[in-house]
Amino acid sequence: MVGDLKMIRVKIVPNDSKDVAKVIIIDNDKKVLFLKRSDYVDKFAGEWDLPGGHIHIGEDLMIGLKREVMEETGLNIGKCEFVDKLENIRFFTCKHTNKPIKISHEHTDFRFFDMKELDPNRKFEKMAIKALEMSND
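Counting restarts for each chain, with residues numbered from 1 along the sequence as it is written. Note on the predicted model: pLDDT of at least 70 is required for a residue's local features to be given, and 80 or more for side-chain atom pairs to be given and counted; whole-chain, interface and lining totals, by contrast, use all residues. Values reported for side chains reflect all heavy atoms of the structure, with hydrogen atoms and water molecules removed beforehand.

Helix numbering and strand numbering both begin at the N terminus, where a helix is a DSSP run of H or I of at least 4 residues and a strand a DSSP run of E of at least 2. With respect to the helices and strands, Ser38 occurs in the loop between strand S2 (32-37) and strand S3 (48-49). Using a 1.4 Å probe on the protein chains alone, a residue whose accessible area is under 20% of its type maximum counts as buried, one over 50% counts as exposed, and one in between counts as partly exposed. A relative accessible area of 3% places Ser38 in the buried class. Here the side chain of Ser38 touches His107 through a polar contact of 3.1 Å, landing on its backbone nitrogen. We call two residues in contact when some of their heavy atoms are within 4.5 Å. Not counting chain neighbours up to four residues away, the residues in contact with Ser38 comprise Ala45, Gly46, His105, Glu106, His107 and Thr108. Any pair of nitrogen or oxygen atoms within 3.5 Å is treated as a polar contact; in protein, a donor-acceptor pairing is required on top of that, and neighbouring residues in sequence qualify only through side-chain atoms on both sides.

Attention shifts here to the nonpolar core. Ile24, Val32, Phe34, Leu50, Phe91 and Leu118 are the most contacted members of the largest nonpolar core, which has 17 residues in total. The contact partners of Val32, leaving out residues within four places of it in the chain, are Ile24, Ile25, Ile26, Leu50, Arg111, Phe112, Phe113, Ala128 and Leu132. Grouping buried Ala, Val, Leu, Ile, Met, Phe, Trp, Tyr and Cys residues that are joined through side-chain atoms within 4.5 Å yields what is termed a nonpolar core. With 15 residues, the next largest nonpolar core counts Ile25, Val69, Cys94 and Phe112 among its residues.

Two strands qualify as a pair provided that DSSP identifies no fewer than 2 bridges between them. Inspection of the sheet shows strand S5 (residues 81-86) paired to strand S6 (residues 89-95) by five bridges, in the antiparallel sense. The partner of Leu86 across the bridge, within S6, is Ile89. Hairpin connection from S5 to S6: two residues lie between these consecutive antiparallel strands, with Glu87 at a positive phi of about 55°.

Before going further, it helps to examine the packing of aromatic side chains. Centre distance within 6.5 Å is the pairing criterion for rings of Phe, Tyr and Trp, where only the six-membered ring of Trp is used; planes under 30 degrees apart are then read as stacked, over 60 as edge-to-face, and the remainder as tilted. Overall, the coordinates contain four aromatic pairs when judged by the stated rule. Considering the side-chain rings of Phe34 and Phe113, the 5.4 Å spacing of their centres and the 85° angle between planes classify their relative orientation as edge-to-face. One end of the pair, Phe34, is in strand S2; the other, Phe113, is in strand S7 (residues 107-113), and 79 residues separate them in sequence. Just as Phe34 is buried, Phe113 falls in that class too. Seen from their ring centres, Phe82 and Phe92 are 5.6 Å apart, and the 75° between their planes marks the pair as edge-to-face. Of the two residues, Phe82 is situated in strand S5 and Phe92 in strand S6; the sequence distance between them amounts to 10 residues. On the basis of relative accessibility, which here comes to 44%, the residue Phe82 falls in the partly exposed class. Clustering of aromatic rings is evident, with ring pairs tying together Phe34, Trp48 and Phe113. Lysine and arginine charges are scored as sitting over a ring when NZ or CZ, respectively, is within 6 Å of the ring centre and within 35 degrees of the ring normal. Over the aromatic face of Phe113 sits the side chain of Arg111, whose NZ or CZ is 4.0 Å from the ring centroid.

On to the environment of Ser38. Along the backbone, Ser38 and Glu106 are 68 residues apart, and their C-alpha atoms lie at a distance of 5.3 Å. Within polar-contact distance, the side chain of Ser38 engages the backbone oxygen of His105 at 2.7 Å.

It is worth spelling out the pattern of salt bridges at this point. Salt bridges are identified by distance alone: a Lys or Arg side-chain nitrogen within 4 Å of an Asp or Glu carboxyl oxygen. Tallied over the full model, the rule gives 10 salt bridges. Of the charged contacts in the structure, one is a salt bridge between Glu71 and Arg67, with a shortest N-O distance of 3.3 Å. Of this pair, Glu71 and Arg67 both sit in helix H1 (residues 61-73), separated by four residues, roughly a single helical turn. Assessed through its relative accessible area of 42%, Glu71 is described here as partly exposed. Lys130 is the salt-bridge partner of Asp84, the closest N and O atoms lying 2.8 Å from each other. One end of the pair, Asp84, is in strand S5; the other, Lys130, is in helix H2 (residues 123-136), and 46 residues separate them in sequence. Residue Asp84 is classed as partly exposed on the basis of its relative accessible area, which comes to 22%. One salt-bridge network, held together by shared partners, links Glu59, Arg67, Glu68 and Glu71.

Dropping the structure here:
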């Protein structure tokens, strides 16, 4: 049977652009959702991260953000507000809909952090603080 198998070569073309979109999801207690990255991911293994990721080439920014959030958390986010841009990353904020969070294989845990637990010297946490301050206005 092994002799009948044929080797197929597949060329993998990257689908991701360099553009990244992240969302700061704030719950009713003014806490921000972070996801803990799995130990096997290429970058930032074991670190706390905001939901979101790379936008596909040719994909609308908001459609890509909503796709990433659905893949990573199972959440269907609604209207988002722009927070800021750092390098190739655009940050948005929206409210948590109180739906259950179902993390993907890319993450091992999730947690909502209070503003006093966030470090303004870490870029994702700095953006979360900015979004929390915007939500108080």
